[in-house]
Structure formats: C-alpha cells, structure tokens
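Understanding the architecture of this molecule
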Amino acid sequence: MTRSVVVTGANSGIGLATTLLLAKSGFDVIGTVRSTAKADVLVGAAEAEQVVVRTVLCDVTDRAATVAAFAEISALTAGGPWAVVNNAGYAQAGAIEDVDDEHVLRQLETNLVAPARVARLVLPAMRARGEGRIVNISSVAGRVSLPVLGWYCASKRGLEAMTDALRMEVAPFGVRVSLVEPGSFGTGIWGEADYPKDPATPEYATAYARGAGGTNAASRFMPDPIWVARTVRLALTSPVPLARYLVGVDAVGGTIAERVLPTFISDRVKAITAGLARLPFQR
C-alpha cells in the first residue's frame, strides 16, 4: 500500500518542493493550502512535474477548519495519513517592543500551536496502527536567536521544545518524530516577513530597512529548497530517523558559532549584522 503523507502549507517554498519530491518518490501526497487559488498553484505545479497531488483547504490557525480538514483527510486515506509534515509558517519581524499582542499571538499560533494541533488530530490513528511519522519544519532560528526576529525565533524554539517532548511521548507507540532545521533557502519567507509599520525608535526602522533590503538582495544566491525537501524525505524513509536534521552551511555554522563564541561577541556580531550597532570605524 502506498504510504500517505500530508504536507501543510504546500503551495510554495519548502512545502511545494517537499510535496512534489515526495510525490515523485512514490508517496500519496495531500497538500493543505489556505485557498482555492493556492490549490490551483499546487495542482498546476504537480501537473508540470507529471505527478498527482491531492489538495485539501485548511487554515491551520483556525481550529474548526483544521478539524474539518483532517476529517476529510482521514476519509481520503482510509483512517488517517501515515505521516504529516508540519511546514506551514511565516516570519514575524520586529523588535520585541514593536510587535503587539495580536501579532505575537498570530506568530505563535501559526508556528507553534498549529503543529501541535495537527499532531493531536493524526496521532490516534498512528497509535492504532503502531506506526507513523511526524516531521516538523523548524529553523536554525530555533537554536540561534536574532535581534528584530525575536518572536519568530521564540516560535521556532518553542516548536523545538514541543517536538522534543512529543518525540519521547509517542515513541513507545511506533511513531517517529523529527525536526528539520533549515538555514536560509530561496523560499520567499523573508521577503514576505511582516515588519511593524510604526517602529518605536529610528534605530529599529533602520534595522528593518536593512533586513528587508539585505534579504531581497541575497535571495537570488540562496540555495534551492529542494535540499530541505530531500532531508524531509530522508526523515520519512530512514528506518531510524534522526531527532534533528540541520540543513545548510549557515545553519551548521551558526549553530557551531553559537556554542563556541562568548555571548558578548555573538551578541555584538548579531547586532552589527542587524544594523543595531556599528563597527568601531563606522560613524
């Protein structure tokens, strides 16, 4: 029997690359998207690659909609999917004092609460079968906090802590849980990052402009997200999947630097990079 995999946020970036690669690899893939327009994008991309992908409408931040979507998925997969890739997410930029409660809660709801909600919906069937896989797409930002990205980093660090606990909880039932932690890839997430409109200080405004401009300039040189998709496939196909998969030179290098550099040095480097501090020779 072909194993079924659900990929959330499947219409672009890592989600799209993962959906297409898994379909090419013989999985029965169901991609969740938030609108019919995005479903059309996904179906069009699948047709171009000569693979079949089914779609289900689902806003993972809407509890009722998610329950309904996974009831539909259960029917499509004869009881529930073999695996889920929790990919849906976005980046909330902004200094801590610039991001209001509404935007904080939306960031946490999307990147942290939603993957746990999805896990709750699929685990009963996985437990009954005695097998299953859950792959949560995190980020190197879950290990390395960055200025003016604090809430995004918090959402990913929370996802990592939740995933660690989940991995241990469900292992006795034959369910394997992995984290994939990409660095910067050409997904468009940073170009779409939500920056505050009214910064508390001019320094933050400068940092936001630098962050947005630098990301847009660097995006053409970022690696293809296919490398992340291949890592997800590895986590799904390995007999003994790893707990964590760092993907990308910057992810590996950033994690090592965070461990070995004194905090005051790493803080200074991050602040200069973000445009919140200057080098000694700068005015």
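Everything below is about the structure shown above.
Residues numbered from 1 in each chain as written. Predicted model: local features only at pLDDT ≥ 70, side-chain atom pairs only at ≥ 80, totals over all residues. Heavy atoms only, no water.

1. As for the pairing of strand β7 (residues 244-247)
- Side chains Tyr 245 and Val 247 of β7 all project onto a buried face; the interleaved residues Arg 244 and Leu 246 project onto a face where none is buried.
- As judged from the 4 bridges shared by strand β6 (residues 175-182) and β7, these two strands associate in the parallel manner. Within β7, the residue paired with Val 180 across the bridge is Tyr 245. (Buried < 20%, exposed > 50% of the residue type's maximum accessible area, 1.4 Å probe, protein only. Helix = DSSP H or I, 4+ residues; strand = E, 2+ residues; numbered from the N terminus. Pairing = 2+ DSSP bridges.)

2. Section: helix α3 (residues 63-76)
- End to end, α3 covers 20 Å across 14 residues, agreeing with the expected 20 Å (1.5 Å per residue, within 8%).
- All of the buried residues in α3 are Thr 66, Ala 69, Phe 70 and Ile 73. In a view along the axis of α3, the buried residues occupy a sector of 95°, so they form one face of it. Residues Ala 64 and Ala 75 are exposed on α3 and point more than 90 degrees away from its buried face.
- The inward-facing, buried residues of α3 abut β1 (4-8), β2 (28-33), β3 (54-57), β4 (83-86) and α4 (101-129).
- N-cap assignment for α3: the residue whose side-chain oxygen lies 3.1 Å from the backbone N of Ala 64 is Asp 62.
- Once α3 finishes, Ala 78 follows within two positions and takes phi at roughly 60°, a positive value. (Expected span 1.5 Å × (residues − 1). Arc of directions from axis to C-beta. Contact = heavy atoms within 4.5 Å. Polar contact = N/O pair within 3.5 Å; in protein donor to acceptor, adjacent residues only side chain to side chain.)

3. Side note on the nonpolar core
- Ranked by size, the top nonpolar core spans 30 residues in total, and within it Val 5, Val 85, Val 135, Val 180 and Leu 236 carry the most contacts.
- If you list the elements that add at least two residues to this core, you get β1, α1 (13-24), β2, α2 (36-48), β4, β5 (132-137), α7 (226-237) and β7.
- The leading source of residues in this core is α1, at 5 residues.
- Ranked by size, the runner-up nonpolar core spans 24 residues in total, among them Val 6, Val 60, Val 118 and Val 122. (Core = buried A, V, L, I, M, F, W, Y, C linked by side-chain atoms within 4.5 Å.)

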